[in-house]
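# Residue-level structural notes
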Amino acid sequence: MPSLISKRGQERYRASVTVQGKTRQKLFPDGTKKTYREAVVWENEARKALIQHLSQIRTASLMVGNWANEYLEDAQSRFAKVTFDEKRSVFARFFQSSGLTPELPIESLNQTICRLYLKRQFKARSGYAANKDRKNLATAWKWGLDNLEGWPRIENPFLSIKKYPEKRNPRYVPPEEDFWRVYQEAEGQDKVMLLTFLHLGARRSEVFNLRWADIDFEGKRIRLWTCKREGGNREFDWIPMTQHLRRELLKWWETRLAITTLDDEHVFVCLDRYPFCDAYYGKPFKHRQHLMKRLCEKADVKPFGFHAMRHLTASILYQNGEPVSVIQAVLRHKSPNTTTRYLRTLGLDETREALEKALKGPGEVIPFQQIAKAG
């Protein structure tokens with residue numbers, strides 16, 4: 001209903017309409033009855049126009065194309081690039097394989113469409129691949145439910161499909177002696193980097209992004225940052241630093257002081273002077289595609305990568321009889337609930353003792369042949 005206001009000593013009618021939090025107003029020239037009637041007519045027409053406009057926005061936001069774009073835009077700001085690329089690839093496959101058009105209403109995305117898509121992935125790729133797409137798309141559906149107004153209150157069509165049977169080959173974990181053979185072939189910075197991977201059970205990105213500010217030499221601990229948590233939040237954990245690793249990092253720190261680079265913050269940076277490396281000199285690593293392959297060939301061992309060293313750390317701890325809680329605390333590879341449970345009940349000193357006992361260096365490795373002869 002129009003309201004009579006006084007502006008600069010003159011009475012005037014102000015018409016105002018609010019629909020779903022959106023407001024439109026108009027100020028009329030005077031306070032006469034005729035103007036009042038005009039204001040009432042304007043409010044009625046403005047209300048209809050605003051309802052129609054909001055309805056169009058709501059309809060557009062509930063189309064599968066808009067859902068995919070908004071979810072991916074949010075995911076790009078929250079997750080690491082590799083995680084975002086995986087989610088984007090899933091949507092690309094889903095649209096291409098299902099023949100969906102971006103204008104399709106969300107309500108039309110039923111169980112049959114989802115089941116046929118996942119079935120195709122199971123036959124063409126694997127049960128593991130189908131289940132991974134199922135998980136990503138189900139997460140995107142839940143995001144739409146939580147973030148898009150008017151989302152249909154129906155069962156998540158992706159979760160309504162049962163998981164497919166998986167046949168997953170076990171991950172290759174190199175023998176500990178193979179790691180030390182590779183370690184002996186490495187030099188300088190690479191040697192320290194390999195030790196860091198093993199003694200921290202760290203992911204590649206965590207080591208590549210490690211900064212000197214993350215190393216507490218006095219407290220004998222290292223801060224590792226990760227985005228592999230719920231919601232893609234960037235969080236850190238303090239990991240105990242063994243005496244062996246501390247000694248080698250201190251030596252590397254002293255060496256780095258004498259090297260002038262573009263980046264003095266990161267622990268590991270490109271120091272190669274080859275022509276194809278000029279653009280990366282002095283900058284933190286993003287990829288080291290050929291390092292492990294080259295070192296494994298020189299050491300004459302079966303090739304393994306950076307992530308295999310993370311599994312090797314877990315394997316060594318397990319074989320030394322460490323409890324699962326200690327291993328999970330070292331790897332930080334858990335759901336949010338397990339993270340809270342273990343970090344609250346486990347002290348860093350207990351974890352450090354486990355690492356000190358298990359990870360002593362190449363001199364402590366007894367070749368399997370010697371064990372067999374002794375038996």
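See the structure above.
The sections below set out a description of the structure shown in this document.

Calculation notes
- Residue positions are given per chain, counting from 1 as you read along its sequence in written order.
- Where local features are concerned, this predicted model is filtered to residues with pLDDT of at least 70; where side-chain atom pairs are given and counted, the filter is 80 or more; whole-chain, interface and lining totals use all residues.
- The side-chain values count all of the structure's non-hydrogen atoms but skip hydrogen atoms and water molecules.
- Note on method: axes are straight lines fitted to C-alpha atoms, helices fitted across the in-contact stretch only, with angles between N-to-C directions ranging 0 to 180 degrees.
- Starting at the N terminus, helices and strands are each numbered in turn, a helix being any DSSP run of H or I of at least four residues and a strand any DSSP run of E of at least two.
- By the definition adopted for this analysis, an angle is roughly parallel if under 35 degrees, roughly antiparallel if over 145, roughly perpendicular if from 65 to 115, and oblique otherwise.
- By the definition used in this description, the sense in which the near helix is turned from the far one sets the handedness, with an anticlockwise turn below a right angle giving left-handed and a clockwise turn giving right-handed.
- Contacts: residue pairs with any heavy atoms within 4.5 Å of one another.
- Note on pairing: two strands pair once DSSP finds at least 2 bridges between them.
- Stacked, tilted and edge-to-face pairs are distinguished by plane angle, under 30 degrees for stacked and over 60 for edge-to-face with tilted covering the rest, among Phe, Tyr and Trp rings (Trp via its six-membered ring) whose centres lie within 6.5 Å.
- Each residue is placed in one exposure class: buried if its accessible area under a 1.4 Å probe, protein chains only, is under 20% of its type's maximum, exposed if it is over 50%, and partly exposed if it falls in between.
- Just to be clear on terms, a salt bridge is a Lys or Arg side-chain nitrogen sitting within 4 Å of an Asp or Glu carboxyl oxygen.
- Definition used in this section: a nonpolar core is a set of buried Ala, Val, Leu, Ile, Met, Phe, Trp, Tyr and Cys residues joined via side-chain atoms within 4.5 Å.
- Pairs of N or O atoms are called polar contacts if they sit within 3.5 Å, as long as, within protein, a hydrogen donor faces a hydrogen acceptor (for residues adjacent in sequence, only side-chain-to-side-chain pairs).
- Each helix should span, by expectation, one fewer than its residue count multiplied by 1.5 Å.

To continue, consider the packing of helix H4 (residues 111-124) against helix H5 (residues 127-147). Put simply, H4 and H5 touch, their axes get as near as 7 Å, and they point 150 degrees apart. Judged by the angle between their axes, H4 and H5 are roughly antiparallel. Taken as a pair, H4 and H5 cross one another with a handedness that is right-handed. Contact with H4, carried on its side by Tyr-117, Leu-118, Gln-121 and Phe-122, involves Gly-127, Ala-130, Asp-133, Arg-134 and Leu-137 of H5 and no other residues of that element.

Quick look at the sheet that holds strand E5 (residues 221-226) now. Across the sheet, which stays open at both edges, the three strands sit in the order E4-E5-E6 with antiparallel pairing between neighbours. Taken across any chain shown, the strands that pair with only one partner, and hence form the sheet edges, are strand E4 (215-216) and strand E6 (235-240). Two elements, E5 and E6, share six bridges in a ladder whose sense is antiparallel. What sits directly across from Leu-224, in E6, is Asp-237.

Turning our attention to the sheet that holds strand E3 (residues 22-27). Pairing within the open sheet is antiparallel, and its three strands lie in the order E1-E2-E3. For this open sheet the edge positions go to strand E1 (3-7) and E3, each flanked by a neighbour on one side alone. Between one strand axis and the next, the sheet turns by 35 degrees as a mean value, whatever way the strands run.

Glancing now at the packing of aromatic side chains. Under the defined criterion, the tally for this structure stands at 20 aromatic pairs. A centroid spacing of 5.7 Å and a plane angle of 70 degrees characterise the contact between Phe-94 and Phe-158, whose relative ring orientation is edge-to-face. Of this pair, Phe-94 sits in helix H3 (residues 81-98) while Phe-158 sits in the loop between H5 and helix H6 (176-185), and the two are 64 residues apart along the sequence. Like Phe-158, Phe-94 is buried. Relative to Phe-285, the ring of Phe-208 lies with its centre 5.8 Å away and its plane at 45 degrees, an arrangement referred to as tilted. Taken together, the residues span a long stretch of sequence, with Phe-208 in helix H8 (residues 204-208) and Phe-285 in the loop between helix H9 (243-257) and helix H10 (291-299) at a distance of 77 residues. Here Phe-208 and Phe-285 have matching classes, each one buried.

As a further point, take the pattern of salt bridges. Enumeration according to the criterion identifies 14 salt bridges in this entry. A salt bridge links Lys-81 to Asp-85, with the nearest nitrogen and oxygen atoms 2.8 Å apart. Here Asp-85 and Lys-81 lie together in helix H3, a separation of four residues that amounts to about one turn. Note on Lys-81: relative accessible area 62%, which makes it exposed. In this structure, Glu-265 engages Arg-211 in a salt bridge whose closest nitrogen and oxygen atoms are separated by 2.3 Å. With Glu-265 in the loop between H9 and H10 and Arg-211 in the loop between H8 and E4, the pair connects residues that are 54 residues apart, well separated along the chain.

A few words now on the nonpolar core. Formed by 51 residues in total, the largest nonpolar core has its most connected members in Val-182, Leu-194, Ile-215, Ile-222, Leu-249 and Phe-268. If sequence neighbours within four positions are ignored, Ile-215 has contacts with Leu-210, Arg-221, Ile-222, Met-241, Leu-249 and Val-267. Listed in part, the 30 residues of the second largest apolar core include Ala-68, Leu-109, Ala-138 and Trp-151.

A few words now on unusual backbone geometry. Although it is not a glycine, Lys-220 sits at a positive phi angle of roughly 55 degrees. Among the structural elements, Lys-220 can be located in the loop between E4 and E5. The backbone of Asp-300 shows a phi angle near 60 degrees, a positive value even though the residue is not glycine. When you line up the elements, Asp-300 lands in the loop between H10 and helix H11 (306-319).

Glancing now at the environment of Glu-107. Inspection of the secondary structure assignment puts Glu-107 in the loop between H3 and H4. On the basis of relative accessible area, Glu-107 is assigned to the partly exposed category, the value being 45%. Between the alpha carbons of Glu-107 and Ile-154 there is a distance of 9.0 Å; along the sequence they are 47 residues apart.

This part covers the side chain of Asn-156. The topology assignment puts Asn-156 in the loop between H5 and H6. Among the polar contacts listed, one links the side chain of Asn-156 to the backbone nitrogen of Phe-158, at a separation of 3.1 Å. Those residues in contact with Asn-156 that lie beyond four places of it in its chain are Ala-138, Trp-141 and Lys-142.

Spacing of three or four residues puts side chains on the same side of an α-helix, whose turn is 3.6 residues. With 14 residues, H11 ought to run about 20 Å at 1.5 Å a step, and its terminal C-alpha atoms sit 20 Å apart, in line with that. All buried positions along H11 are accounted for by Phe-306, Ala-308, Met-309, Arg-310, Leu-312, Thr-313, Ala-314, Ile-316 and Leu-317. Two residues or fewer after H11 comes Gly-321, characterised by a positive phi angle close to 80 degrees.

The exposure class of Phe-208 is buried, given its relative accessible area of 2%. Put simply, Phe-208 and Pro-284 are 76 residues apart on the chain and 6.4 Å apart in space, counted from C-alpha to C-alpha. Sequence-distant contacts of Phe-208, defined by excluding residues within four places in its chain, comprise Met-193, Phe-197, His-266, Phe-268, Pro-284, Phe-285, Lys-286, His-287, Arg-288 and Phe-306.

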